[in-house]
Amino acid sequence: QVQLVESGGGLVQAGGSLRLSCAASGRPFSRYGMGWFRQAPGKEREFVAAMRWRSGYTVYADSVKGRFTISGDDAKNTVYLQMNSLRPEDTAVYYCAAGGLDRTLTSRDDYGYWGQGTQVTVSS
């Protein structure tokens, strides 16, 4: 079992950057596929990015490709989401999740563990 705690959210102007962190405890995150999702008010939770740490595999939603980068630090057992060139439509609560390494990692159903979320607000 793994526990996940996100941090790093906040208010930023359009075009700015933020880095979200997801601290994992209980088990090394490298044992899982790790992902980031987001949920805007009135919308479904949607996939943002995911990775398999040991293989170096990463995958991104088309809406964030080229702007967001998922990475990890196994010494700190922490996963990051670097978000650049932020847009107002990126405003949402961002969630970190851990799932099986054998899953595609782009669906909510691929994940069994979730953090509590961190708010990201991008002003125009």
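Going by the structure above, here's the rest.
What counts and what doesn't
- Residues numbered from 1 in each chain as written.
- Predicted model: local features only at pLDDT ≥ 70, side-chain atom pairs only at ≥ 80, totals over all residues.
- Heavy atoms only, no water.
- Salt bridge = Lys/Arg side-chain N within 4 Å of Asp/Glu carboxyl O.
- Buried < 20%, exposed > 50% of the residue type's maximum accessible area, 1.4 Å probe, protein only.
- Helix = DSSP H or I, 4+ residues; strand = E, 2+ residues; numbered from the N terminus.
- Contact = heavy atoms within 4.5 Å.
- Pairing = 2+ DSSP bridges.
- Axes fitted to C-alpha atoms, helices over the stretch in contact; angles between N-to-C directions.
- Phe/Tyr/Trp six-rings, centres within 6.5 Å; stacked < 30°, edge-to-face > 60°.

Applying the stated rule across the entire model yields 6 salt bridges. One salt bridge in this structure joins E46 and R38, with 2.6 Å as the shortest N-O distance. Since its relative accessible area comes to 37%, E46 is described here as partly exposed. A salt bridge links D90 to R67; the shortest N-O distance between them is 2.8 Å. Residue D90 is found in the loop between strand 8 (78-83) and strand 9 (92-99), and its partner R67 is found in the loop between strand 6 (57-60) and strand 7 (68-73); the two are separated by 23 residues along the sequence. Assigned by exposure class, D90 and R67 land together as buried.

This part takes up the environment of V5. With respect to the helices and strands, V5 occurs in strand 1 (residues 3-7). Overall, the relative accessible area of 47% leaves V5 in the partly exposed class. Sequence separation of V5 and C22 is 17 residues, and the distance between their C-alpha atoms is 5.4 Å. Not counting chain neighbours up to four residues away, the residues in contact with V5 comprise S21, C22, A23 and Q116.

As summarised here, the arrangement of the 4 strands in space is 1-3-8-7, forming an open sheet in which the pairing is antiparallel. Pairing within the sheet leaves two strands with one partner each, and these edge strands are strand 1 and strand 7. Across this sheet, the average inter-strand angle for adjacent strands is 20°, counted without regard to direction.

Within this structure, the stated rule accounts for 6 aromatic pairs. A centroid spacing of 5.5 Å and a plane angle of 70° characterise the contact between F29 and W53, whose relative ring orientation is edge-to-face. Here F29 is found in the loop between strand 3 (18-25) and strand 4 (33-39), whereas its partner W53 is found in the loop between strand 5 (46-52) and strand 6, with 24 residues between them in sequence. Judged by its relative accessible area of 1%, F29 falls in the buried class. The exposure class assigned to W53 is partly exposed, which follows from its relative accessible area of 28%.

Here we come to unusual backbone geometry. A positive phi angle, near 50°, is found at S85, a position not held by glycine. Along the chain, the position of S85 falls in the loop between strand 8 and strand 9. Since its relative accessible area comes to 41%, S85 is described here as partly exposed. A positive phi angle, close to 75°, is found at L105, a residue other than glycine. As for its position among the elements, L105 is in the loop between strand 9 and strand 10 (111-114). We classify L105 as buried; its relative accessible area is 0%.

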